[in-house]
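Okay, here's what each chain looks like letter by letter:
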Number of protein chains: 2
Amino acid sequence: MAIVRSRKVSLAPVLSISIPLALSLAWQPFVNGTQFPQVYASLAFSILAFVATLALIPRFSRAFVKIGLRGRDLLKKSEDDVPECMGLVAALVYICALVCFIPVPFSAAFISDPLTSRVNPEYAPHRQLAVYLAAILSVMIATILGLLDDLFDIRWRHKLPIPLVASVPLLLSYYAEQGNTHVVLPKPLAGWFGDFIDLGFFYYVYMAMLSTFTTNSINILAGINGVEVAQTIVISASIILNDLLFLPWPFTLKLGRIEISGFFGKALAQERHLFSLYFMMPLLAVSLGFAYHNKYPARAFPGDTLCYFSGMAFAVVAILGHFSKTLLLFFVPQAFNFILSAPQLFGLVPCPRHRLPKLRPDGYLDPSTAEIENPSGLTIFVLQVLNFFGLAKVKFSSDKRRGTTTNLTLLNFVLNKTGPIKESTLTNYVIVIQILSSAAGFAVRYGLAGLLYDGDRR
Amino acid sequence: MAIVRSRKVSLAPVLSISIPLALSLAWQPFVNGTQFPQVYASLAFSILAFVATLALIPRFSRAFVKIGLRGRDLLKKSEDDVPECMGLVAALVYICALVCFIPVPFSAAFISDPLTSRVNPEYAPHRQLAVYLAAILSVMIATILGLLDDLFDIRWRHKLPIPLVASVPLLLSYYAEQGNTHVVLPKPLAGWFGDFIDLGFFYYVYMAMLSTFTTNSINILAGINGVEVAQTIVISASIILNDLLFLPWPFTLKLGRIEISGFFGKALAQERHLFSLYFMMPLLAVSLGFAYHNKYPARAFPGDTLCYFSGMAFAVVAILGHFSKTLLLFFVPQAFNFILSAPQLFGLVPCPRHRLPKLRPDGYLDPSTAEIENPSGLTIFVLQVLNFFGLAKVKFSSDKRRGTTTNLTLLNFVLNKTGPIKESTLTNYVIVIQILSSAAGFAVRYGLAGLLYDGDRR
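Here the residue index of a chain counts from 1 through its sequence in written order. Just so you know, chain letters begin at A and ligand numbers begin at 1, following the order they were written in. Selection of residues for local features in this predicted model requires a pLDDT of at least 70, selection of side-chain atom pairs for listing and counting requires 80 or more, and totals for whole chains, interfaces and linings are taken over all residues. The side-chain values count all of the structure's non-hydrogen atoms but skip hydrogen atoms and water molecules.

UniProt positions are given in the numbering used here, feature names are shortened, and annotations may be inferred rather than shown by experiment. According to its UniProt record, chain A has this under Sequence similarities (unreviewed entry): "Belongs to the glycosyltransferase 4 family." According to UniProt, the comment filed for chain A under the heading Pathway (unreviewed entry) is "Protein modification; protein glycosylation."

Draft legend 1. The sheet that holds strand E8 (residues 394-396) of chain A, seen in detail. Residue and element names in this part refer to chain A. Spatial ordering of the open sheet is given by E7-E9-E8, a layout of 3 strands whose pairing is antiparallel. Among the strands making up the open sheet, the edge pair consists of strand E7 (369-373) and E8. On average, each strand axis in the sheet is tilted by 15 degrees relative to the strand beside it, whichever way the strands run. When DSSP locates at least two bridges between a pair of strands, those strands are taken to pair. Secondary structure elements are taken from DSSP: a helix is a run of H or I of four residues or more, a strand is a run of E of two residues or more, and numbering for both begins at the N terminus. The pairing of E7 with strand E9 (residues 402-406) spans 5 bridges and is classified as antiparallel. Among the inter-strand pairings, Ile372 is bridged to a residue of E9, identified as Gly403. Here the axes come from fitting lines to C-alpha atoms, over the contacting stretch only for helices, and the angles between their N-to-C directions go from 0 to 180 degrees.

Draft legend 2. The side chain of A:Thr326, seen in detail. Residue and element names in this part refer to chain A. Of note, Thr326 is situated in helix H15 (residues 324-330). Between N or O atoms, a polar contact is any pair within 3.5 Å; within protein, one atom must be a potential hydrogen donor and the other a potential acceptor, and residues adjacent in sequence are included only when both atoms are from side chains. Here Arg445 takes part through its side chain, which lies 2.9 Å from a polar atom of the side chain of Thr326. Not counting residues up to four positions away in its chain, the partners in contact with Thr326 are Asn242 and Arg445. Contacts were defined at the residue level, with two residues in contact if any of their heavy atoms lie within 4.5 Å.

Draft legend 3. Main features of the relation of the copies chain A and chain B. Least-squares fitting of one copy onto the other uses the C-alpha atoms of those residues that reach a pLDDT of at least 70 in both copies. Once chain A is rotated about the relating axis by 180 degrees and shifted along it by 0.0 Å, it coincides with chain B to within an RMSD of 0.0 Å. The symmetry that links the two subunits is that of a two-fold axis. In terms of proximity to the rotation axis, the leading residue of chain A is A:Ala130, whose C-alpha is 2.0 Å off the axis. Interface overlap between copies is the fraction of interface residues in one copy that are interface residues in the other; for chain A against chain B it reaches 100%, indicating a shared surface.

Draft legend 4. Looking closely at the interface of chain A and chain B. Taken together, the contacts link 40 residues of chain A with 40 residues of chain B. Here the buried area means the combined drop in accessible surface, using a 1.4 Å probe, for two parts upon being joined, counting both sides. Carbon and sulfur atoms make up 85% of the surface buried where chain A meets chain B, a total of about 3,600 Å² over both sides. On the chain A side of the contact with chain B, A:Leu137, A:Ile144 and A:Phe152 bury the most area, a combined 16% of that side's loss. Each salt bridge in this description consists of a side-chain nitrogen of Lys or Arg and a carboxyl oxygen of Asp or Glu lying within 4 Å of one another. The tally of links between chain A and chain B comes to 0 salt bridges. On inspection of chain A and its partner chain B, the count reaches 0 residue pairs in polar contact (both at pLDDT 80 or more). Elements represented by at least two residues in the side of chain A that touches chain B include exactly helix H2 (37-66), helix H3 (87-101), helix H4 (103-108), helix H5 (126-152) and helix H8 (168-176) of chain A. With 16 residues, the top contributor of residues to the side of chain A that touches chain B is H5(A). Considered class by class, the residues forming the side of chain A that touches chain B number 30 nonpolar, 6 polar and 4 charged. Any residue outside Ala, Val, Leu, Ile, Met, Phe, Trp, Tyr, Cys, Pro, Asp, Glu, Lys and Arg is labelled polar, Gly included; the first ten of those are nonpolar and the last four are charged.

So, in C-alpha cells, the structure goes:
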C-alpha cells in the first residue's frame, strides 16, 4: 500500500485558544446581556466545529484509505494515496454542531409561566423548529447521498438529480406549512401584475432547481487542491456578511434610542437571517478546518460529499431565508463555469474523463485539451464563438475534420489567460475571482437593486 | 472474486398486485370517507416501500460486494460472497417513504380559510411536524452511523454508545418543546408520591438508554440467516397491533352511535398512536421486503445498519408515543438474550470473536462454546448458576482451572434445549419465541396492568 501523508495539527495551541474563546463567547450574553445570545452560542459551536474538523481529519485518514476511499493526486509526481471523501468528516461535524444547537434558539424563545414553570404552548416556536429540522434533514440526505456517490462512484449523468432527492424534506416541509410562494416583482413589471406574484407550484420547481444548481455547480468547479472548499469558504462568508447586514446593529442606539421604525417584513427578515447565520457560521468553520488539510499539497480530498452537503446548506438558507436571488449573485463564477462547460456536459463537444489542468514536467500547469473528430456544424460554430471571445483555445485542421480545444472550464480559461502557473497559484486566482464576484454581488444587491425594487432592502 | 448469488424477484406479478392495491388504498378515503385517510395513505406508501425493497436489493448486490461490503456465510459450506450491509437499502427506502409521507398528515390537518384560501396559522400542527422531522432525523443518523460501522468495522465496545448519538435530535427536540417528563406511578406507589412523578432530567437519561437498548439488543441477537429481520418484523407487527387498539373502531357506532365519552388523554393517545403507525407500517414493509432476500439461505446480510435504523425507529415511536413500557414487553427475548450475554459482554466469561452456533458436517447446528482458563471464583459461581438453571452447558476440569461453556446467547440456549437442528429451524424457533413473547406482552399490558394502574388503558 502506498504511503498516506497527513498534515500535522498541533492541538495544544489550537485548543488553548479555541476552548476559552468559545466558552467566553457562550458566556458573553450572561455577563453583558445582548439582543442575540443565540448568535454568540452559534459562534461558540462554530469554533468547536472548526477545531473538531481540524483534529479529526488526520485521525481518520488511514481508515478511509484502508476501505478504498483513496485517490492519487493527478497533478503531483508523488504516488502517495490521498484519502478521498474526507468531506464526510466535515459533514458529520457540521451536522453534529447543527443538532447540538437545536435547543439554543428554540428553548430560549419559550416563555414559561413563572408560577408553574409550565410552557405556554401558544408561544412555542414550533414553526421555526420544524423548518430547522427539515433543513438539517436535507443536509443529512445530501451527505448520505454524497457518501454513496463516493463509495459507489455513481456516473455523472445519474448523479445530477441527487440534490433533487435531498431537497425533498425541505420542499415538503415548506409545502406542509403552506410556505409563501409569492415573489416580489421588479418595479417595471409591478405596474402590470401587481407588487407580488404567486408562483405556486413553480416556486417549488424553482427551489428544487436552485439546490441542484448550488450542489452541482461547486462539484464541477473542481480538480485542483483546495478549490472546492475555497468556494465554500468565500460563499459562506459572503452569506454571513449579508446576514449581518439584516441584524439591528447597536448604532441605532446612538441616535438617542430612536428605533428605525419597522419597515415591511423587518422582524421576519431578521428571523430568517438569524436562521441563515446558524447554518452558515458552522459551515464556514468546518470548511476552514477542512481547508487546512485540503490546501496545496492536499492531504485529504473532499469527495463529492463536501460539495453535496455544503451546496445543500446554501440552498436551504437561501430558500428558507428568501434570499435566493442574492445567493445567485455569489454563485456567478460557478454559473460562468457551468455555462462554459455546458457544450461538454451536454455532449456537443467531446468530454474526456478528466478535464483538470495538465501537469508540465516543470511543475507548472497547462490547460488540458479535448480532441475533436468529425465535428458537426453546430460544434464548430460554438467552438469558434468561444475561441473568438477568448473563452477557449480552439484549433481545427484545414478541412475542419479534426481539431483540439482547451477543456471548457473556468480553470482552463484562467490558464489560457495567465499562461503556465503553479497549482496553488491557480487556486488563489479562483479565490480572488470568487471574492471579486461576491463584492460585485453586494454592489448589485445594495446598489443597483434599488432601481428595480422598492423599499429599504438592507 | 467469489460468486454473488441473489434471489430472483418476479416483478411483474408483484407490481401488478401491489400498485393497484396501493392506489386503491390511497383513493379509498375519497370514495368512502373515513376518519383516518392518512392511515390509508401510510399503508399505500408501505406497500410501495415493500416492493421497492424487494426489487432494489438484488440490483445493488454486486455493487455492494464490489466495494468490499461482503461477507462469507460462516454457517454454509459455500464460499460465495454475500453482500453485507444490505440493510442500508431497506433503510434508505424507509427514509424515502417517511420523507415522502411528510405532507400527508400535516397539510390535511391545516385548516384553510375558504374565502382567502390562506392558512390560519393557529391551527397548523407544527408541533407534530417538528416531532415527526426530529424522529426521521434520528432514524437517519442511526442509518449513517450503521453504515459507517459496517464500512469501518467499529469495535464492539466503541459502538455501544452510537445509538446515544442518534437519539440526540430526538431528545433535544423533546427538550426544546419542553416535552412531558412525568410518568404515571403504579397504584401502590401513587398513595405515597401522587399519581404522577416528574422524572425531569432522568427521563432523558431513560429515553437515551431505551434507544441504546432497542438498537443493541437486536444487534446481538444475531448470527443466523434471517434472525435480525425476523425480530424487526414481529416487534413492528406487535406495535402496529397495539396502535390499532387505540384507534376508535367502527364498533362504537353499532351501539347506536353512543360515543365512549372522552376518558383522560384519549385524543392525545390516538394522535400518538397514529404517529406510531406512520413509522411502524413502512418499517414492517421494508423488513418484509428485506426478509425475502435475507431468509435461509441468505442472499443478503443486514449489517449493523438494519439493527440500528429499526432499533432507533422502535425507540422513537415508544418515546414520542409514551408507550415505552409496552415496547419493553415486546423486547423480552432481546432482554433475556442481553442478560444471558452480560457475563461475556462485560468480560466475566471469555468472549470469542463469534458466538454464533457451530455448523456440524451433517448441516445441523450445535451450540458453540468458549474456553475458560484460570477462572475467578465469581466466574465459576456465575457459570454454575447458569448451568443449574439450564441456561448454559458448562464443564469444568476437576481442579476448576479449565473448562468450557456454551456461549451465552439465546440461540445457543435454544440449541442446548432442542439438540442439533437446522439453521432455518432455529430461526423459526426464535420467531415463535418472539411471537409468544408479544402475546404474553399483550396479556400483561391489558390484563395484569389493570392491577397496577388506574383507568381504561385500552
